[in-house]
Amino acid sequence: MSIVAEFTIEAEQFLLGRVLRAGGGMDIEIERVVPASKRVMPYVWVSGGDRTEFEAAVRATDEVRELLHLDTIGERSLYRIGWDETVESLIYGMVETNATILEAHGQDNWLFRIRFNDHESLSAFSEYCQIHEIRLNVRRVHSLTADELDSDPFDLTNEQRAALELALEKGYFEVPRRATLSDLADDLGVSQQAVSERLRRGTQKVVQSIVDDAFNSPVR
């Protein structure tokens, strides 16, 4: 059974928090974390400040290998941050235990809501934090409720859901296609790269959820 853990943590306790706080009081939200070879690559939404100063401050951080601006929607900008696996203990610990970030935002202090596949994964993450001396303030641990499942069974972001719904409506998935990435990008007011990534990530979540349910369902 899936387990959701809610905890707070000071920005000083993990590298991503320290790096983003150096960006100058911006409002930060982690969208997801993607493992890539020996690197972990967080995707973060940034708003509420000077984007140029934020980019300069983050790129000046020694541990950051890259900062890539992917998209801007209204006052929010999406970035991808890359560094070696060994420098970000908290985020890498989530990747190691196959945890899914449901919610993560903050400045000096951060709130995380993390979903684990089972109690064993949660225990592994807790042990990982103890070994790496990561101090968490656990607020709540509970089983995933029916209401949470019904609200979004696939953990899609609002942007991913909007892109998938538009793609279905416009006939992007039909053969032959009745709409292109350019058409979808124009309707959403974003770049083709952004639409492509949202469709790819959103489709991956939906398919993975269906496959997991199929393999975990009892044989009748």
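Confidence along the protein averages 81 in pLDDT terms, with 85% of residues attaining 70 or more. Residue range residues 215-220 is modelled with pLDDT below 50. Its contacts to residues more than four positions away, or to other chains, number 0 contacts.

Overall, the coordinates contain 8 aromatic pairs when judged by the stated rule. Residues Phe14 and Phe112 carry aromatic rings whose centres are separated by 5.8 Å and whose planes lie at 70° to one another, so their mutual orientation is edge-to-face. One end of the pair, Phe14, is in the loop between strand 1 (3-10) and helix 1 (15-21); the other, Phe112, is in strand 7 (residues 109-116), with 98 residues separating them in the sequence. Relative accessible area serves as the criterion here: at 0%, Phe112 is assigned to the buried category. With centroids separated by 6.0 Å and ring planes inclined at 25°, the aromatic side chains of Trp110 and Phe112 adopt a geometry described as stacked. Among the aromatic residues, ring-to-ring pairing joins Phe7, Phe14, Trp110, Phe112, Phe116 and Phe125 into one connected group. The ring of Tyr172 is capped by Arg177, whose NZ or CZ atom sits 4.0 Å from the centre of that ring.

As a further point, take helix 2 (residues 51-59). Burial in helix 2 covers these residues: Phe54, Glu55 and Val58. Angular distribution of buried residues about the axis of helix 2 spans 95°; they occupy a single face of the element. For helix 2, exposure combined with an orientation more than 90 degrees from the buried face picks out Thr52 and Glu53. You can read the cap of helix 2 off the contacts: a side-chain oxygen lies 2.9 Å from the backbone nitrogen of Thr52, and it is on Asp50.

For the rest of this paragraph, the subject is the environment of Leu15. Relative to the helices and strands, Leu15 is located in helix 1. Leu15 gets classed as buried once you look at its relative accessible area, which sits at 4%.

Across the interface, helix 6 (residues 158-170) lies against helix 7 (residues 181-188) with an axial gap of 10 Å and an inter-helix angle of 125°. Considering their axes alone, helix 6 and helix 7 lie oblique with respect to each other. Like other packed secondary-structure pairs, helix 6 and helix 7 cross with a definite hand, here right-handed. Where helix 6 approaches helix 7, its residues Ala163, Leu166, Ala167 and Lys170 are matched on the opposing element by Leu184, Asp187 and Leu188. Taken together, the residues of the contact of helix 6 with helix 7 sort by class into 5 nonpolar, no polar and 2 charged.

Before going further, it helps to spend a moment on the nonpolar core. Formed by 39 residues in total, the largest nonpolar core has its most connected members in Met94, Trp110 and Phe112. Those residues in contact with Trp110, other than ones at most four positions away along the chain, are Phe7, Thr8, Ile9, Ala11, Phe14, Gly17, Leu20, Ile28, Ile30, Ala104 and His105. Core analysis: the second largest hydrophobic core is formed by 12 residues, Ala163, Leu166, Ala194 and Val195 among them.

Bringing the side chain of Gln13 into the picture now. Its location among the elements puts Gln13 in the loop between strand 1 and helix 1. Judged by its relative accessible area of 18%, Gln13 falls in the buried class. In this structure, Gln13 is in contact with Arg18, Glu133, Ile134 and Arg135, ignoring residues within four places of it in sequence.

Turning to the pattern of salt bridges, a few remarks are in order. All chains considered together, the criterion is met by 12 salt bridges. In this structure, Glu29 engages Arg76 in a salt bridge whose closest nitrogen and oxygen atoms are separated by 3.1 Å. With Glu29 in strand 2 (residues 27-36) and Arg76 in strand 5 (residues 76-84), this pair connects stretches of sequence that are 47 residues apart. When its relative accessible area of 36% is taken as the criterion, Glu29 is described as partly exposed. We note a salt bridge from Arg198 to Asp71, for which the minimum N-O separation is 3.1 Å. Taken as a pair, Arg198 in helix 8 (residues 192-216) and Asp71 in strand 4 (residues 66-73) lie far apart in primary sequence, 127 residues in all. Connected through shared salt-bridge partners, Glu6, Arg113 and Arg140 make up one network.

Quick notes on the rules
- Residues numbered from 1 in each chain as written.
- Predicted model: local features only at pLDDT ≥ 70, side-chain atom pairs only at ≥ 80, totals over all residues.
- Heavy atoms only, no water.
- pLDDT = per-residue confidence, 0-100.
- Contact = heavy atoms within 4.5 Å.
- Phe/Tyr/Trp six-rings, centres within 6.5 Å; stacked < 30°, edge-to-face > 60°.
- Helix = DSSP H or I, 4+ residues; strand = E, 2+ residues; numbered from the N terminus.
- Buried < 20%, exposed > 50% of the residue type's maximum accessible area, 1.4 Å probe, protein only.
- Lys NZ or Arg CZ within 6 Å of the ring centre and 35° of its normal.
- Arc of directions from axis to C-beta.
- Polar contact = N/O pair within 3.5 Å; in protein donor to acceptor, adjacent residues only side chain to side chain.
- Axes fitted to C-alpha atoms, helices over the stretch in contact; angles between N-to-C directions.
- Parallel < 35°, antiparallel > 145°, perpendicular 65-115°, else oblique.
- Left-handed = near helix turned anticlockwise from the far one by under 90°.
- Nonpolar A, V, L, I, M, F, W, Y, C, P; charged D, E, K, R; others polar.
- Core = buried A, V, L, I, M, F, W, Y, C linked by side-chain atoms within 4.5 Å.
- Salt bridge = Lys/Arg side-chain N within 4 Å of Asp/Glu carboxyl O.

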